[in-house]
Structures are given as C-alpha cells and as structure tokens.
Amino acid sequence: METFKVMEIKKSVYEGNDRRAEVLRAELKEGKVFLLNLMSSPGSGKTTTVLRTIEALRDEMRIGVLEADIDSDVDAKTVSDAGTRVIQMHSGGMCHLTADMTRQGLECLGTDGLDFVILENIGNLICTAEADTGASRNAMILSVPEGDDKPLKYPMMFAMVDVLLINKIDAISFFDFDFEAVRERVTRLNPGIRIIPISAKTGEGVAEWAEWIRTEVREWKRA
Amino acid sequence: MHELSVVIEVVKTVEEFAKKNGVTRIDRLVLQIGELSSMIPAYIEECFPCAVDGTTLESTRLEIEILPGNARCRACGKTFNLLENKGACPACGVKDAEILSGREFMIKEIVAC
C-alpha cells in the first residue's frame, strides 16, 4: 500500500516574484541604475510621455528604455528614432511583466553606462499593479479621455504608485473629467502620492515631471 | 493568460520544494485563493493541465480552497463579508472597511506519495 504524506508549504504565490524583485532592486542600486516602471492603460500616451521625458533629461542622464508589449515593435522604433538605447520586449500574450522578465530585458538592453532606465510596461491597469518588477519607483499615467472614475475601478494600481501623471490635460475641456474628484479619490487610496497634470503633446507639465524624476533619483542615490 | 503565468510560477515553487525535500511523486496540490484576489479558481483549474505538462506535477490533482473576503468596518468596528454585503457594513451601512482577508493566493500543501 502506498503511503501518503501531507507536506505543508504555506507560501504566498507572489512571494517568489517579490523576492526576485528585491534582489533586482538591490543590484540596480549597486550599479547606480534608476529603474522607473511606467504603467497605464493602452492609449494613455505612455510612449509620447517617454519621448518627452527623454527630451527633458537627455543632457543630464544617460537613458535607456525597455518597451514591453504583447506584440509589435512600433514603440521601440519610435523611441529609437529619438536616439535612445532601446529594446522591444514581447511578453507573448502575458499581461504583465515579472521581475525575471525585467531582468532579462535589462540584460538585453545592457545597463552599462546608463543612469536611468524607463520600463514602459504593458498597457493594463490590473495585473501590472500586482507584480513587482524590481523598479526603483513606480509611476502611472491616467489620461483625461479615460475618465475620472478610474481610481474607483482600479484602486490597486492607484494605491501602489509613487506618482500619477494626468495626461492629455490640454483636452480637458472636451471631456467631463473632474480633476479635483480624481485628486480626492486617489489621495484617499494613497495619501503620499504625487499628482502631476501634463500634456505630452504640448509639453505642459513636463518640466515638473522631469523635476520629480531628478529629485527621486537624488534621494534614491542618497538612501 | 493572467492565470497561466501565475500557475506556472506555482508549479516552479512546488517543484523546488519537492526537490529540496526529496519528493518525487505528488498526489495532490492544495491552493488557497481569497475571494477578493484577482485569481478565478475556474481558470486556474482550466490552465493547470497545461502548466504542469512535462513537469513532476504532471499527474498531480489540484484542489482549491476558497478563503473568505472579510473586512472590519472603519466606522463601527463590525467584521463582515465584503462580497455578501456588497462592501457596505451590515450594522451601520458605511462603505469604508479595512480588508482583513481574501486577497491571498497561497500554496497550502502537497500530498506526497
């Protein structure tokens, strides 16, 4: 007769990724590479924001970009045309990036000589919030056409980021978007969050966003 | 796809555990999923055969236990089930509660043979 033995594991499924993310974060710190995880839904203006960010900071930082998508290389092409070191990552259908995938991306990109890497995560407000990528800071974009109710619908994302960019602010008069309602909803979920209204199209607010990055990089280096 | 990637992660963890503990055959794997977690038990079951294909868990049976999504009302302190009460405290009606359980996704145990 076969004998069965119950063996207790009692382990959170996310624990493995969380641990690997911590290791990656520490290694990046050691190598002085600041990794920004940029999240949002599809079509919020992530790539245009990345281009604006490069424009604003390229004279003072050596920047690299990881473009993560389910398919295509349109984003990497756009960023590469701007003269930045970039690679396109394909998740092959997966809806978020894990710490291991981020590590692979960074290895392919080559972080030697880079100060600042932007990870343009897959356009998704759900599971990208659950998987720690190992980034130094987490940022998200909410664009005006998406509506002011999004913090109510996707609370986890708004609760876990360090900064929220509200993009397409130049188009606010065409939409019923209540900026103050968003501020109130978001700060209830995340009291320490910084909210910066921008327009990646016109450049409005980009200086403030660049200043936020400078300050965070400085503080991260010092910590 | 969301579930598949996570189940693959589960399989990796269990394989590691089995290797470390000298287990070669696993009869059953027990997972615990919170009602408030973003994992849907039916999808987990659906992608499980695919995730274990070619691994030591290939013939392992999957068992899922559901953990309740309980919360404590921030206004009156009552503990209640969030889903059954649609997020509102059954005692005072306030919709502001601190989640106590239900977000978990745990590998509880394996039955080795």
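The preceding data block contains the structure.
This structure is a prediction, so every number in the text was calculated from the model and none was measured.

In this structure, what is going on with the layout of surface pockets? I would like to understand it.
The probe, sized like a water molecule, is rolled over the atoms to show the empty space still left. Size it by volume and the largest pocket reaches roughly 1300 Å³. What lines the largest pocket is a set of 30 residues, and nearest its centre among them are Pro 155, Met 156 and Leu 189 of chain A together with Ile 99 and Arg 103 of chain B. At the level of elements, helix 5 (150–153), helix 6 (155–160) and helix 7 (179–189) of chain A together with strand 5 (97–99) of chain B are the ones that each hand at least two residues to the lining of the largest pocket. Among the elements that make up the lining of the largest pocket, the one with the highest residue count is helix 6 of chain A (4 residues). Of the residues assigned to the lining of the largest pocket, the class counts are 17 nonpolar, 3 polar and 10 charged. Its volume calculated, the second largest pocket comes out at about 340 Å³. If you trace the second largest pocket, you find 19 residues lining it, with Met 94, His 96 and Thr 98 of chain A together with Ser 5 and Glu 9 of chain B closest to the centre. Mapped by element, the contributors of at least two residues to the lining of the second largest pocket are helix 1 (15–30) and helix 4 (99–109) of chain A together with helix 1 (2–20) of chain B. A total of 6 residues in the lining of the second largest pocket trace back to one element, the largest contributor, which is helix 1 of chain B.

Help me out: how do you make sense of the interface of chain A and chain B in this one?
When the parts come together, some accessible area is lost, and that loss is often what is quoted as the size of the interface. On the side of chain B, 25 residues touch chain A, which itself brings 23 residues to the contact. Carbon and sulfur atoms supply 62% of the area that chain A and chain B bury against each other, a total of about 2200 Å² over both sides. Considering only the side of chain A, the residues that lose the most area to chain B are Met 7, Ile 9 and Val 13 of chain A, jointly responsible for 31% of the buried surface there. For the interface between chain A and chain B, the tally reads 1 salt bridge. A salt bridge links Arg 20 of chain A to Glu 9 of chain B, with the shortest nitrogen-to-oxygen separation between them at 2.5 Å. Summed over the shared surface of chain A and chain B, the result is 9 residue pairs in polar contact (both at pLDDT 80 or more). Looking at the side of chain A that touches chain B, the elements with two or more residues in it are strand 1 (5–12) and helix 1 of chain A. Broken down by class, the residue content of the side of chain A that touches chain B amounts to 9 nonpolar, 7 polar and 7 charged.

What is the right way to read the environment of Ala 91 of chain B from this model?
Residue and element names in this part refer to chain B. Tracing the backbone shows Ala 91 in the loop between strand 4 (79–81) and strand 5. For Ala 91 and Gly 77, which are 14 residues apart along the polypeptide, the C-alpha to C-alpha distance reads 9.3 Å. Non-local contacts of Ala 91, meaning those with residues more than four positions away in its chain, are made with Cys 76 and Lys 78.

Please explain the nonpolar core as it appears in this structure.
Nonpolar side chains tend toward joint burial in soluble globular proteins. Among the nonpolar cores identified, the biggest contains 28 residues, and Val 10, Val 14, Leu 29, Ile 44, Phe 105, Ile 107 and Ile 110 of chain B are the most heavily contacted of them. Secondary-structure elements contributing two or more residues to this core are strand 1 of chain A together with helix 1, strand 1 (26–34), helix 2 (41–52) and strand 6 (105–112) of chain B. Counting residues per element, this core draws most heavily on helix 1 of chain B, at 8 residues. Those residues in contact with Val 10 of chain B that lie beyond four places of it in its chain are Val 13 of chain A together with Leu 29, Leu 31, Phe 105 and Ile 107 of chain B. Counting 26 residues, the second-largest nonpolar core is a separate cluster that includes Val 50, Met 61, Ala 76 and Phe 116 of chain A.

For this particular structure, what's the right way to read the packing of helix 1 of chain A against helix 4 of chain A?
Each pair of packed helices can be summarised by the angle the axes make with each other and by the distance between the axes. Residue and element names in this part refer to chain A. For the pair helix 1 and helix 4, interaxial distance at closest approach is 8 Å and the crossing angle is 30°. If you check the angle between helix 1 and helix 4, you find them roughly parallel. Residue-level inspection shows Asn 17, Arg 20, Ala 21, Val 23, Leu 24, Glu 27 and Leu 28 of helix 1 in contact with helix 4, the latter providing Ala 99, Asp 100, Thr 102, Arg 103 and Leu 106. In the contact of helix 1 with helix 4, the residues fall into 6 nonpolar, 2 polar and 4 charged.

So, how was this worked out
- Residues numbered from 1 in each chain as written.
- Chains lettered and ligands numbered in written order.
- Predicted model: local features only at pLDDT ≥ 70, side-chain atom pairs only at ≥ 80, totals over all residues.
- Heavy atoms only, no water.
- 1 Å grid on protein atoms, 1.4 Å probe; cavity = no way out; pocket = protein on both sides within 12 Å on 5 of 7 lines; lining within 4 Å.
- Points joined across faces, edges and corners; volume = space filled by probe spheres on them.
- Helix = DSSP H or I, 4+ residues; strand = E, 2+ residues; numbered from the N terminus.
- Nonpolar A, V, L, I, M, F, W, Y, C, P; charged D, E, K, R; others polar.
- Contact = heavy atoms within 4.5 Å.
- Buried area = accessible area lost by both parts, 1.4 Å probe.
- Salt bridge = Lys/Arg side-chain N within 4 Å of Asp/Glu carboxyl O.
- Polar contact = N/O pair within 3.5 Å; in protein donor to acceptor, adjacent residues only side chain to side chain.
- Core = buried A, V, L, I, M, F, W, Y, C linked by side-chain atoms within 4.5 Å.
- Buried < 20%, exposed > 50% of the residue type's maximum accessible area, 1.4 Å probe, protein only.
- Axes fitted to C-alpha atoms, helices over the stretch in contact; angles between N-to-C directions.
- Parallel < 35°, antiparallel > 145°, perpendicular 65-115°, else oblique.

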